[in-house]
Each structure stands twice: as C-alpha cells, then as structure tokens.
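# Coordinate analysis (summary)
One letter stands for each residue in the lines below.
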Amino acid sequence: MTWVAVAPAASIAPGDYATVELACGFVAVFNVAGEFFAIDDVCTHDGGGLAGGALEDYQVICPRHGARFCLRTGQALTPPAYEPVRRYPTRIVDGVVEVQDEP
Ligand code: FES
C-alpha cells in the first residue's frame, strides 16, 4: 500500500473537500471539524459523484438523489443507496493530507 498526497490540510477547510485520482478511481476527501475522511467519489446508487455533497455531522449527502453515507464507516444510511462506499485511511504528514491507495 502507498500513501498518496491529496492537498495541504490548510487548503481544505472544515466542511470542504478535495478529490484525488487513485489507481482504483476517484476518491473524495472531506474535512469534518478538522478530521479527514476519504471515500470513493462514486455513489453506489447510480454512480453520482459524492464530492460537493452537503455534510451533516459525519455524513455526506449525495447531490443527485439524496442518499446519505457515513463518512466513518462508508455505510449507506438512507435510500436510494443500499450498498456502502469504500473508505480509505487518511493521515497528515508535514501539513499535507494523504490517503492510502487501497481501502
Ligand atoms: S446517485 Fe447518489 S443517490 Fe442516486
């Protein structure tokens, strides 16, 4: 497994996000109150991007049809999505957010 740099932590404000392309596809990295969470940037309902979805507590709301996913576990919490999204470990090294390139 490899750690991949995403962006300086200071450039992703709380409530904001960044995306990065890994070998397995695009991943969205969200800042929730200073904690960073990385999940697939693909909704399991109909393939919509999750980056840019509204954040509520530790949930992201799919911009297309409103399914909610838990950022801590990847679980789909509300219809119309039922399958979880993959989560990726994150860390901050020298002020840069990194994600592991495998779930
Ligand atoms: S594509 Fe996400 S809820 Fe439909």
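Look up a bit, the structure's there.
The sections below set out a description of the structure shown in this document. (Residues numbered from 1 in each chain as written. Predicted model: local features only at pLDDT ≥ 70, side-chain atom pairs only at ≥ 80, totals over all residues. Heavy atoms only, no water.)

## A look at the nonpolar core
The test is simple: Throughout, nonpolar core names a set of buried Ala, Val, Leu, Ile, Met, Phe, Trp, Tyr and Cys residues whose side chains join them through atoms within 4.5 Å. The classification of residues rests on relative accessible area computed with a 1.4 Å probe and restricted to protein chains. Under 20% of the type maximum is buried, over 50% is exposed, and intermediate values are partly exposed. Elements are defined by DSSP. Helices are runs of H or I of four residues or more, strands are runs of E of two residues or more, and each kind is numbered from the N terminus. What makes two residues a contact is simply this: any of their non-hydrogen atoms within 4.5 Å.
Ranked by internal contacts, the top residues of the largest apolar core, which has 15 residues, are Ile 39, Leu 50, Phe 69 and Leu 71. Put simply, the parts of the chain that give this core at least two residues each are β3 (25–32) and β4 (35–40). A per-element tally of this core places β3 first, with three residues. In this structure Leu 71 touches Phe 30, Val 32, Phe 37, Ile 39, Leu 55, Tyr 58, Gln 59, Val 60 and Arg 87, once residues within four positions along its chain are discounted. Counting 14 residues, the second-largest nonpolar core is a separate cluster that includes Ala 7, Val 27, Val 29 and Phe 36.

## Description of the packing of aromatic side chains
What counts here: Put simply, two rings from Phe, Tyr or Trp (the six-membered ring, in Trp's case) pair if the centres are within 6.5 Å, and we call them stacked under 30 degrees between planes, edge-to-face over 60, tilted for the rest. Charge-over-ring contacts are defined here by two conditions on Lys NZ or Arg CZ: a distance within 6 Å of the ring centre and an angle within 35 degrees of the ring normal.
A full pass over the atoms with the stated rule returns two aromatic pairs. On the basis of an interplanar angle of 45° and a centroid distance of 6.2 Å, the ring pair of Tyr 17 and Phe 30 is categorised as tilted. Remark: Phe 30 occurs in strand β3 and Tyr 17 occurs in strand β2 (residues 17–22); sequence separation between them is 13 residues. Looking at Tyr 17, the relative accessible area reads 36%, which means it is partly exposed. Seen in terms of ring centroids, Phe 37 and Tyr 58 are 5.6 Å apart; in terms of plane orientation they differ by 80°. Their pairing is edge-to-face. Placement of Phe 37 in strand β4 and of Tyr 58 in the loop between β5 (54–56) and β6 (59–61) is noted, with a sequence separation of 21 residues between them. Taking the relative accessible area as the measure of exposure, Tyr 58 reaches 22% and is therefore partly exposed. In this structure, Arg 72 is placed above the aromatic ring of Tyr 58, and the distance from its NZ or CZ to the ring centre is 3.6 Å.

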